[in-house]
Amino acid sequence: MTALVRSDAVVVPVALGARSYDIVIGRGVIATLGARIAELRPGAKVFIVTDENVAASAMAPAQAALKRGGVASRQMSVPPGESSKTYRVLEDVCEAILDAQIERGDLIVALGGGVIGDLAGFAAAVVRRGLDYVQVPTTLLAQVDSSVGGKTAIDSRHGKNLIGAFHQPILVVADTALLDTLPQREFRAGYSELVKYGLLGDAAFFSWLEAHWRDVFAASSSPNSAREHAVAVACRAKAAIVGRDERETGERALLNLGHTFGHALEAACGFSDRLLHGEAIAIGMVLAFEFSAHRGLLAAAAAERVKRHFAEVGLPTRPADIPGTLPGLDRIMELIGQDKKVKRGMLTFILVRDIGSAVIETGIDEREVRAFLNEKLARR
C-alpha cells in the first residue's frame, strides 16, 4: 500500500501475522478510502454502517472516495449513542447487510465513533459467519482506542460490552480532520482514552500531554501537528500491546486502566448522555489511582497530579461530578462484579505503581473495594 500513502500520513502497522493491518493517520486520508479498499479487496462492494449524526458530516466524503476508487456501496444509519449497542439494533444491521446481498468477499465499513465501530464490527463478525471490515473512526476516542485491536461488542443489562467477539479489521483509516467539528464534550471524552496510554505505560507522554493538551484540542492543518502526533503515539502503543496479546490473556488487560470503575458508573447511569464513556473512564482512572494510593502502591501526590490534569481539561474526576442520582453501593458493586476481568468470582483491577507503570492486581477483596467506594460515593 506504499503508493497510496500521502506524504503527510502516518502509517502504524498492527502485526498479527496473516491478520495484520495498517492504521492510516492524517488529515484528509478519508479521500484514499476507495483506493485502499480497491487494492486490498479488488472487486469488493461495501456496506457502510454509520449513525444519523455522522452521516450528515462524513458520509459524503466517504462515498465520494469509494466512487473514485470504483467501489460500489450501500449504507444504513442507526440512532446515535450507546443505546444503539443492543440486540435490536444489531439485528437491524445484520438484516440490512443481508438485504444488500453483501457476500463473504465484500466488506463492511464502520463509519463513526466507538459505538458504530463496536456494532458494525460485531455484525461483521457474525453475518455469514464472518465478513471483513474497515474501521473509519470519526471521534478521538475511536481513533486512539476502540477502532484498533478487534474488540467488538454490544451491551447487556448486566453491563457494558459483555456480548461480542474478537474480530480484527483489515484496515483503519483515521482522518484527524473529521475531529475539527466534534463537539468539545465528545473531544474531551476521547481525550481521556488518549491520556490512558501515558498513565499505563509512558510517563513521558503524559508529561507531554500536560504541556501540549491545548494544542491537541486545537485544529491545525500542519501535517506534524500535536493532534496527529498524539493519535499516532496512542495507536503505536495499542498496536504493540495487541500484537503481543491479541485476546487479552495477559498484558492487554492493562488497556482497561480505569474501566472497571468506569464501566460500572456508565452502566449505573443507564449508558446515557448523563455520562459519556470517556467521562466515565476519566473518573475510573482517577479512582484507580486513588485506590492504588489507598493500597500503598504509589504516592498520593501522583493520584492528585492525574486528577488535576483531568480537571484542567474539563473532565469529571469523581462520582460527585455525575449529574443526577446514582444507584446504591450494592448495585454498583454488582456491576463491578460483572467486569470481564473477574475470575472465579475474584475481582481484578488494573492499578498503578506510578504514572506510566500499570499492573494487573488479582484476587482483590470485595470488602476493600466496597469500603473505598463507600467513602467516595458518600461525598456526592
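Quick word on the packing of aromatic side chains
Part 1 of the reasoning: Scanning the entire structure with this criterion turns up nine aromatic pairs.
Part 2 of the reasoning: A centroid spacing of 4.7 Å and a plane angle of 50° characterise the contact between F187 and F217, whose relative ring orientation is tilted. Taken together, the residues F187 in helix α6 (residues 184–201) and F217 in helix α7 (residues 203–217) connect sequence positions 30 residues apart.
Part 3 of the reasoning: Judged by centre distance (6.1 Å) and plane angle (15°), the rings of F205 and W208 are stacked. In this pair, F205 and W208 are both assigned in helix α7, three residues apart and thus about one turn of the helix distant.
Part 4 of the reasoning: Residue class for W208 comes out partly exposed when judged on its relative accessible area of 22%.
Part 5 of the reasoning: Through a chain of ring-to-ring contacts, three or more aromatic side chains come together here, namely F187, Y191, W213 and F217.

Considering the pattern of salt bridges
Part 1 of the reasoning: Evaluation of the coordinates by the stated rule reveals 29 salt bridges.
Part 2 of the reasoning: The residue E82 makes a salt bridge to K85 at a minimum N-O spacing of 3.4 Å.
Part 3 of the reasoning: Given the relative accessible area of 13%, E82 is considered buried.
Part 4 of the reasoning: For the salt bridge of K376 with E290, the shortest nitrogen-to-oxygen distance reads 3.0 Å. Of this pair, K376 sits in helix α13 (residues 366–378) while E290 sits in helix α10 (residues 277–294); the two residues are 86 residues apart in sequence, bridging distant segments of the chain.
Part 5 of the reasoning: Take K376: its relative accessible area is 12%, and that puts it in the buried class.
Part 6 of the reasoning: Judged by relative accessible area, E290 falls into the buried class, the value being 16%.
Part 7 of the reasoning: Residues joined in a network through salt bridges with shared partners are E82, K85, D118, D155, K160 and E266.

A short note on the side chain of S84
Part 1 of the reasoning: Structurally, the position occupied by S84 is in the loop between β4 (73–78) and α3 (87–99).
Part 2 of the reasoning: Among the residues examined, S84 registers a relative accessible area of 1% and is labelled buried.
Part 3 of the reasoning: A polar side-chain atom of S84 sits 2.5 Å from the main-chain carbonyl oxygen of P79.
Part 4 of the reasoning: Discounting residues that sit within four places of it in the chain, S84 has contacts with V78, P79, V89, V115 and L119.

Thoughts on the environment of R367
Part 1 of the reasoning: The topology assignment puts R367 in helix α13.
Part 2 of the reasoning: Between the C-alpha atoms of R367 and F349, which are 18 residues apart in sequence, the distance is 14 Å.

Quick word on the nonpolar core
Part 1 of the reasoning: Core analysis: the largest hydrophobic core is formed by 57 residues, its most contacted members being Y191, L194, L199, L257, F289 and F310.
Part 2 of the reasoning: The biggest single contributor to this core is helix α8 (residues 226–244), with ten residues.
Part 3 of the reasoning: Not counting chain neighbours up to four residues away, the residues in contact with Y191 comprise L140, L209, W213, F217, H309, V313 and L315.
Part 4 of the reasoning: In this structure, I283, I322, L329 and I332 belong to the second largest nonpolar core, which totals 28 residues.

Considerations on the environment of D339
Part 1 of the reasoning: Counting through the fold element by element, D339 comes out in the loop between α12 (329–336) and β10 (347–354).
Part 2 of the reasoning: Considering only alpha carbons, one finds D339 and D118, 221 residues apart in sequence, at a separation of 18 Å.
Part 3 of the reasoning: With near-sequence residues (within four places) excluded, D339 lies in contact with T260 and T348.

Notes on the sheet that holds strand β6 (residues 132–137)
Part 1 of the reasoning: Read across the open sheet, the seven strands follow the order β1-β2-β9-β6-β5-β3-β4; overall the sheet is mixed. Edge positions in the sheet fall to β1 (10–14) and β4, since each of these pairs with one other strand and no more. The sheet shows a mean angle of 15° between the axes of neighbouring strands, direction not considered.
Part 2 of the reasoning: Pairing of strand β3 (residues 46–51) with strand β5 (residues 107–112) involves four bridges; the strand directions are parallel. The residue of β5 that forms the bridge with V49 is A110.
Part 3 of the reasoning: Sheet strands touched by helix α1 (residues 33–40): β2 (21–26), β3, β5, β6 and β9 (171–175). Its angle to β9, the strand with the most contacts, is close to 170°.
Part 4 of the reasoning: The sheet strands contacting α8 are β1 and β2, and the helix crosses β1 at an angle near 15°.

Some thoughts on the pairing of strand β7 (residues 151–156)
Part 1 of the reasoning: The buried count for β7 comes to five of six residues, which makes it a mostly enclosed element.
Part 2 of the reasoning: Note that β7 and strand β8 (residues 159–166) share five bridges and pair antiparallel. Bridge pairing links A153 to G164 in β8.

Here's the deal with the pairing of β9
Part 1 of the reasoning: Most of β9 sits inside the fold, with five of its five residues counted as buried.
Part 2 of the reasoning: Burial along β9 is two-sided: L171, V173 and D175 facing one way and V172 and A174 facing the other are all buried.
Part 3 of the reasoning: Sheet analysis places β2 next to β9, joined by five bridges and oriented parallel. Each bridged residue has a counterpart across the sheet, and for V24 the counterpart in β9 is V173.
Part 4 of the reasoning: Sheet topology note: the β6/β9 ladder contains two bridges and is parallel. Paired with V134 across the two strands is L171, which belongs to β9.

Cut-offs and rules
- Residues numbered from 1 in each chain as written.
- Predicted model: local features only at pLDDT ≥ 70, side-chain atom pairs only at ≥ 80, totals over all residues.
- Heavy atoms only, no water.
- Phe/Tyr/Trp six-rings, centres within 6.5 Å; stacked < 30°, edge-to-face > 60°.
- Helix = DSSP H or I, 4+ residues; strand = E, 2+ residues; numbered from the N terminus.
- Buried < 20%, exposed > 50% of the residue type's maximum accessible area, 1.4 Å probe, protein only.
- Salt bridge = Lys/Arg side-chain N within 4 Å of Asp/Glu carboxyl O.
- Polar contact = N/O pair within 3.5 Å; in protein donor to acceptor, adjacent residues only side chain to side chain.
- Contact = heavy atoms within 4.5 Å.
- Core = buried A, V, L, I, M, F, W, Y, C linked by side-chain atoms within 4.5 Å.
- Pairing = 2+ DSSP bridges.
- Axes fitted to C-alpha atoms, helices over the stretch in contact; angles between N-to-C directions.

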